[in-house]
Amino acid sequence: MRHRKICCAACVAAGVIALMFYLGGSRIFPVLGESEFERLYSDGDKVRLCGQIYRKTKKEDIWILYLKGIRMQEQGESEIEAEDNLLVYLSNGQEERVPEYGQYIRVSGTISFFQNAPNPGNFNQRFYYRKQGITGALKQARLEEIRAFTGKVGWKYRLLEWMSDIREKTAEQILAYLGEEKGGVLCSMMLGDRAYMDEEVRENYQKSGIGHLLAISGLHVSFVGMGIYEILRHASFTRTFAAGGSCAVLILYAVLTGGSISAVRAAVMFLIRMGAEVTGREYDGLTAAGTAMLLMLSFNPLQLFDAGFLLSFGAVLGVYLILPFWQTEGEAKWKRTIKMSLSVQLAVLPIMLYYYYEISPYSIFWNLLAVPLAGIVLACGFAGILTGTVVSGGLWPARISYGISGLILGIYEEGSRIMLEIPGARWVAGRPGTVQILAYYMVLAVMLACFRFGKKKAAYTGILAAVLLMGFPHGRAGELEIYMMNVGQGDAFFLRGPKGGTYLIDGGSSTVSDVGKYRIEPFLKSEGVGKLDYVWVSHGDIDHLGGIEEMLKRQKYGIRIERIVLPGERFWDEKLYEFAQTATEYGAKVYTVEAGQILREGEMELFCIWPGDEKEKEEMPEPGNEASMVLALRYRRFDMLFTGDLENDAEDTVSARIGELQEQKKLSDRFEVLKVGHHGSRNATSERLLEITRPDAAWVSAGEKNRYGHPHEEVLERLANWGVSLYNTKDGHAVKLCTDGEKYSILRP
């Protein structure tokens, strides 16, 4: 490394950028701070503006335009210029009026700003777009004016428009020959366009460990760039001409496929490789990678925090830095292939877990077959495009070429499905901490050095220990963790017991679509939770069980659910009956709980207070909010009360019952934390309940700008009068509590 000055400079630059980011944040990178748009408008405001199109894409028949050079215009006022870039989602019915690259348009719509991650492990939409310089999105936009080009149109925009037309027509041809499912995969592999790809198929690829085949990367560059170079050389063209021609074609291909991070990295490295060919110099992969990194970071330093950037360069480091340590001369090709795959996996393991929280342990072996076959898929795909477009009467050659590609894509799909059926196919380790990541790479470096000194047994043992270090359990033994997740207008609480048990109390939302997939599952995976021991459902409203129902159907890709706990069957409504049937169909055991029953994990107890038992059957409420399951959580000297959507007369009855249980010493005299009933409805959390529970803190799970006005002002006043601290997901954040049973702390994770 000491002779690779450019590579060292790239590492230093990356380190400096990371340090600047963590120490300075938006002070050093203003693009992350408050934008001009955010100062002038609020989320949901109607906006009228004009700007220039620098990119456009199509997703589910909706055109998304990327605008720069924004100028806003309020009625009766002069235009205001802003440095912000915006996404514009054209409303339906405007497909025939889609403007071209470089054109200026005037458009109106509703402004929507990107949000930070609502929970740990969730997608940080704001950071993802802000590091690209994009402030927000204009939804349901209407085109008011498309300005005609004046003067010369830049060659860049003409090229981009031409490439856009080629990409769209090529995608149409691929879909026509292969159909939507397989055609969507080939569009992703060859054009870098995932808009046509089925979501379930995409998850199959990713979870089985071959998702990288869907990104334009070194594999494509090797095929396209080196393929053109070899063809030209065999046609007796000079080395200089062949290198120049292959570089030109590759650059056009990178533009055609959208110029992704991995494509740009691979293209820069290929250009350097061709430069070495022409000048007769030795090509050094690490130096080329360092040059690519420096160039890319000079254009946008915040790319350093993009998962694609880190995985792309991590894979290169695995091949050029880790592989040589244990590669031997003259070894069999299959051994070298396995070592290369393992080297890449070792290099990117912490990155994969940091961003995606899980890996497929069998992916090393699956890739041994999948990667070589990918070359055939690409070759036949390009042959199909050429024969279907260029060659006269190319229908049958195109069908044959696409047919071969489709056959292999079928192998991919079926193989990925089988892989995910094998026990242990997914290892959910969770997001590692900074110390874990640093320790991993330090141990890996020492163990690789052991190979140089011939201590192979110690090296393999150390590498295995480093990998296991990444799966170090989350949470602390003897400590109880409780999370109130931000699920919009709904409830979802996660508990990690003092002995590692995992529990979910409710999980649903009436305002967030696919809340199980996009909010609850990623959070749980980031916490290293691959299965839930118990899931408690308070009652049958969608904002309490909708996400759990999603998760039951997604266990192949998401979280395994062992047991579902419901109120007694006499309190079930039609939705709970359907839910119980769904849970059984998808392999979860369904239990019911009665008042007075207790679930224990060591010194932790979950005590069911409501709805009542058989002796009081005649006093019990009808199914619904007032039949919500009420649970008292106790761990040593810490107590918390979960109330579901309890309100009105049922809450009065529960308050009286809590008082009786306190007199019988079955419950504590007070609860440190109260989960406020029915999201803070005025009909819940009465004076009597506050008097009997005497909480220090109240947790409210309610959606931002919810149409019900939760939590209601009356509830907030009652809590304030009792001196109760309020924690509310309406503020946009999750809430975390940690306790050893004696002391507790509440924080925003």
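In what follows, the structure referred to is the one given above.
On a predicted model such as this, the values are computed, not experimentally measured, just so you know. (Residues numbered from 1 in each chain as written. Predicted model: local features only at pLDDT ≥ 70, side-chain atom pairs only at ≥ 80, totals over all residues. Heavy atoms only, no water.)

### Some remarks on the packing of helix H4 (residues 155-191) against helix H7 (residues 239-256)
With their axes 9 Å apart at the nearest point, H4 and H7 run at an angle of 70° to one another. Taken together, the axis directions place H4 and H7 in an arrangement best described as roughly perpendicular. Here H4 contributes Leu-159, Leu-160, Met-163, Ile-166, Arg-167, Met-189, Met-190 and Leu-191 to the contact with H7, which in turn contributes Leu-252, Tyr-253, Val-255 and Leu-256. Counted by class, the contact of H4 with H7 contains eleven nonpolar, no polar and one charged residues. (Axes fitted to C-alpha atoms, helices over the stretch in contact; angles between N-to-C directions. Helix = DSSP H or I, 4+ residues; strand = E, 2+ residues; numbered from the N terminus. Parallel < 35°, antiparallel > 145°, perpendicular 65-115°, else oblique. Contact = heavy atoms within 4.5 Å. Nonpolar A, V, L, I, M, F, W, Y, C, P; charged D, E, K, R; others polar.)

### Comments concerning a nonpolar patch on the surface
Together, Val-12, Val-16, Met-20 and Ile-28 give the surface a local cluster of nonpolar side chains, amounting to about 310 Å² of exposed area. Relative accessible area serves as the criterion here: at 33%, Met-20 is assigned to the partly exposed category. (Patch = residues over 30% accessible without salt bridge, like charges linked within 9 Å, V, L, I, M, F, W, Y side chains within 5 Å. Areas by Shrake-Rupley, 256 points an atom, 1.4 Å probe, with all protein chains shown as cover. Salt bridge = Lys/Arg side-chain N within 4 Å of Asp/Glu carboxyl O. Buried < 20%, exposed > 50% of the residue type's maximum accessible area, 1.4 Å probe, protein only.)

### Observations concerning the pattern of salt bridges
In total, this model carries 33 salt bridges according to the counting rule given. Here Glu-358 ties to Lys-525 by a salt bridge, and the two come within 2.7 Å at their closest N and O atoms. Separated by 167 residues along the polypeptide, Glu-358 in strand E7 (residues 358-359) and Lys-525 in helix H16 (residues 515-526) bring together distant segments of the chain. Across the salt bridge formed by Lys-531 and Asp-533, the nearest N and O atoms sit 2.5 Å from each other. One salt-bridge network, held together by shared partners, links Lys-207, Glu-358, Arg-426 and Lys-525.

### Digging into the environment of Arg-563
Its location among the elements puts Arg-563 in strand E15 (residues 563-567). It is 7.3 Å that separates the C-alpha atoms of Arg-563 and Tyr-591, two residues lying 28 residues apart in sequence. Separated by 3.1 Å, the side chain of Arg-563 and the backbone oxygen of Asp-533 make a polar contact. (Polar contact = N/O pair within 3.5 Å; in protein donor to acceptor, adjacent residues only side chain to side chain.)

### Some points on the sheet that holds strand E10 (residues 492-496)
Strand pairing in a sheet relies on backbone hydrogen bonds. The paired strands run either parallel or antiparallel. One open sheet accounts for eight strands, arranged E16-E15-E13-E11-E10-E9-E24-E25; its pairing is mixed. The outermost strands of the open sheet, each flanked by one partner alone, are strand E16 (589-593) and strand E25 (744-747). Each neighbouring strand pair of the sheet contributes to a mean axis angle of 20°, computed without reference to strand direction. Both strand E13 (residues 534-536) and E15 contribute to a ladder of two bridges, which runs parallel. Looking at E15, one finds that Val-535 is bridged to Ile-564. Set on the sheet, helix H17 (residues 542-553) makes contact with strand E11 (502-507), E13 and E15; between it and E11 the angle comes to about 125°. Here helix H18 (residues 574-585) sits on the sheet in contact with E15 and E16, set at roughly 165° to E15. (Pairing = 2+ DSSP bridges.)

### Quick look at the environment of Gly-644
Counting through the fold element by element, Gly-644 comes out in the loop between strand E20 (638-642) and helix H19 (648-663). Overall, the relative accessible area of 5% leaves Gly-644 in the buried class. Sequence separation between Gly-644 and Glu-282 is 362 residues; the distance between their C-alpha atoms is 68 Å. Once you skip the residues sitting within four places of it in the chain, Gly-644 turns out to touch Asp-491, Ser-538, His-544, Ser-628, Met-629, Lys-675, Val-676, Gly-677 and His-678.

### Description of the nonpolar core
Counting 46 residues, the largest nonpolar core has Ile-174, Val-185, Leu-186, Tyr-205, Leu-409 and Tyr-412 as the members making the most contacts within it. Going through the elements one at a time, H4, helix H5 (199-208), helix H6 (218-234), H7, helix H8 (261-279), helix H12 (363-389) and helix H13 (395-421) are the ones with two or more residues in this core. Sort the elements by how many residues they give to this core and H4 lands first, with ten residues. The contacts of Leu-409, once residues within four sequence positions are left out, are Leu-178, Lys-182, Val-185, Leu-186, Met-189, Tyr-205 and Val-377. Judged by nonpolar contacts, the second largest core, of 29 residues, contains Met-485, Val-515, Val-529 and Leu-552. (Core = buried A, V, L, I, M, F, W, Y, C linked by side-chain atoms within 4.5 Å.)

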